[in-house]
Amino acid sequence: MPRFTALDPASLTDAQRAVADEVRRGRRGTVPANVVAWLPNPELARRAAALGELVRYETALPPRWSELAILVVARRWSCAYEWAVHVAEAGRAGLETAIIDAIGRDEVTPVLEGLDAVVHAFARELVTTGRVSDGCYDDALEALGEVVVVDLIALVGYYTLVAFTLNARNVPPPAGAPALPVIG
């Protein structure tokens, strides 16, 4: 039995269809693969999709920082689908190709300056160790403020859930999308 099947509206239960329609009407305008992967449990899919919409579009994080952190998560968990989708989003949010490429190579200190460097260090430390050191936390708190730090933690946690879901369900990246670089 395959772990993942693309969305087939004809095979959905009424509850699954209601969730898919609700998600499609939201900010995304589509039903992303992670939501499709959660649809066997429609209530999980509905609630997780709502959380995803909140942490991606309705926090104090500007899109540039959200996409930066999402790429850090995708790289950490080697999530090809998440990477493929968010490379384009990161570019639209203003992240330079050199930064995206450095994150793809898992460089500890890519070409980042100022607050971008603070966001990267925080997200990378959190996904690498499962914690954030006092120094990193204090730096982020001082530079970004408590609301942004809390939003960043939630975003990293949510996209880790997404990466785990996509990886465990063997969701392939979209055809022709940017490939996640292979690292040693």
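Use the structure listed above.
Residues numbered from 1 in each chain as written. Predicted model: local features only at pLDDT ≥ 70, side-chain atom pairs only at ≥ 80, totals over all residues. Heavy atoms only, no water.

1. Here's the deal with the packing of helix 5 (residues 80-92) against helix 6 (residues 97-104)
And step 1. At a minimum axis separation of 10 Å, helix 5 and helix 6 run at an interaxial angle of 155 degrees. One way to sum up the angle between helix 5 and helix 6 is to call them roughly antiparallel. Our pair here, helix 5 against helix 6, has a crossing hand that is right-handed. Residues W83, V87, A90 and G91 of helix 5 touch helix 6, and the partners they reach there are I100, I103 and G104.
And step 2. Classifying every residue of the contact of helix 5 with helix 6 by side-chain character gives five nonpolar, two polar and no charged. (Axes fitted to C-alpha atoms, helices over the stretch in contact; angles between N-to-C directions. Helix = DSSP H or I, 4+ residues; strand = E, 2+ residues; numbered from the N terminus. Parallel < 35°, antiparallel > 145°, perpendicular 65-115°, else oblique. Left-handed = near helix turned anticlockwise from the far one by under 90°. Contact = heavy atoms within 4.5 Å. Nonpolar A, V, L, I, M, F, W, Y, C, P; charged D, E, K, R; others polar.)

2. Some words on helix 8 (residues 134-144)
And step 1. C136, A140 and L144 are the residues of helix 8 that are buried. Buried residues in helix 8, looked at end-on, bunch into an arc of 35 degrees, giving them a common side. What points out from helix 8, more than 90 degrees from its buried face, is the exposed set D134 and E142.
And step 2. Contacts made by the buried residues of helix 8 are with helix 4 (63-76), helix 7 (114-129) and helix 9 (146-168).
And step 3. Positive phi shows up at G145, right after helix 8, with a value of about 90 degrees. (Buried < 20%, exposed > 50% of the residue type's maximum accessible area, 1.4 Å probe, protein only. Arc of directions from axis to C-beta.)

3. Section: the pattern of salt bridges
And step 1. Applying the stated criterion across every chain, the model contains eleven salt bridges.
And step 2. D14 serves as the salt-bridge partner of R17, at 3.3 Å between the closest nitrogen and oxygen. In this pair, R17 and D14 both sit in helix 1 (residues 14-24), three residues apart, roughly one turn of the helix.
And step 3. Classification of R17 as partly exposed rests on a relative accessible area of 30%.
And step 4. By relative accessible area, D14 is classed as exposed at 66%.
And step 5. In this structure, R47 engages E43 in a salt bridge whose closest nitrogen and oxygen atoms are separated by 2.7 Å. Of this pair, R47 and E43 both sit in helix 3 (residues 42-57), separated by four residues, roughly a single helical turn.
And step 6. Through salt bridges that share partners, R56, E67, E89 and R92 make up one connected network. (Salt bridge = Lys/Arg side-chain N within 4 Å of Asp/Glu carboxyl O.)

4. Some details on a negative patch on the surface
And step 1. A cluster of like negative charges, contributed by D134, D138, D139 and E142, occupies part of the molecular surface.
And step 2. One can find E142 in helix 8. (Patch = residues over 30% accessible without salt bridge, like charges linked within 9 Å, V, L, I, M, F, W, Y side chains within 5 Å. Areas by Shrake-Rupley, 256 points an atom, 1.4 Å probe, with all protein chains shown as cover. Lys, Arg positive; Asp, Glu negative; His and termini not counted. Charge placed at Lys NZ, Arg CZ, Asp CG, Glu CD.)

5. Examining the environment of A123
And step 1. Structurally, the position occupied by A123 is in helix 7.
And step 2. Looking at A123, the relative accessible area reads 0%, which means it is buried.
And step 3. Along the backbone, A123 and P172 are 49 residues apart, and their C-alpha atoms lie at a distance of 25 Å.

6. Brief notes about helix 1
And step 1. Taken together, the buried positions of helix 1 are Q16, V19, A20 and V23. One side of helix 1 carries all its buried residues, which in axial view fall inside an arc of 100 degrees.
And step 2. The inward-facing, buried residues of helix 1 abut helix 2 (33-38) and helix 3.

7. Details of the packing of aromatic side chains
And step 1. Taken as a whole, this structure holds four aromatic pairs when the rule is applied.
And step 2. A ring pair is formed by W38 and Y158, whose centres lie 6.3 Å apart and whose planes are at 65 degrees; its orientation type is edge-to-face. Of this pair, W38 sits in helix 2 while Y158 sits in helix 9, placing them 120 residues apart in sequence. Accessibility assignment for this pair places W38 and Y158 in one class, buried.
And step 3. Geometrically, the ring pair formed by F122 and Y137 is tilted, given 6.2 Å between the ring centres and 45 degrees between the ring planes. Taken as a pair, F122 in helix 7 and Y137 in helix 8 lie far apart in primary sequence, 15 residues in all.
And step 4. Given a relative accessible area of 0%, F122 falls into the buried group.
And step 5. Geometry around W77 places R76 over its ring, the cationic atom sitting 4.1 Å from the centre. (Phe/Tyr/Trp six-rings, centres within 6.5 Å; stacked < 30°, edge-to-face > 60°. Lys NZ or Arg CZ within 6 Å of the ring centre and 35° of its normal.)

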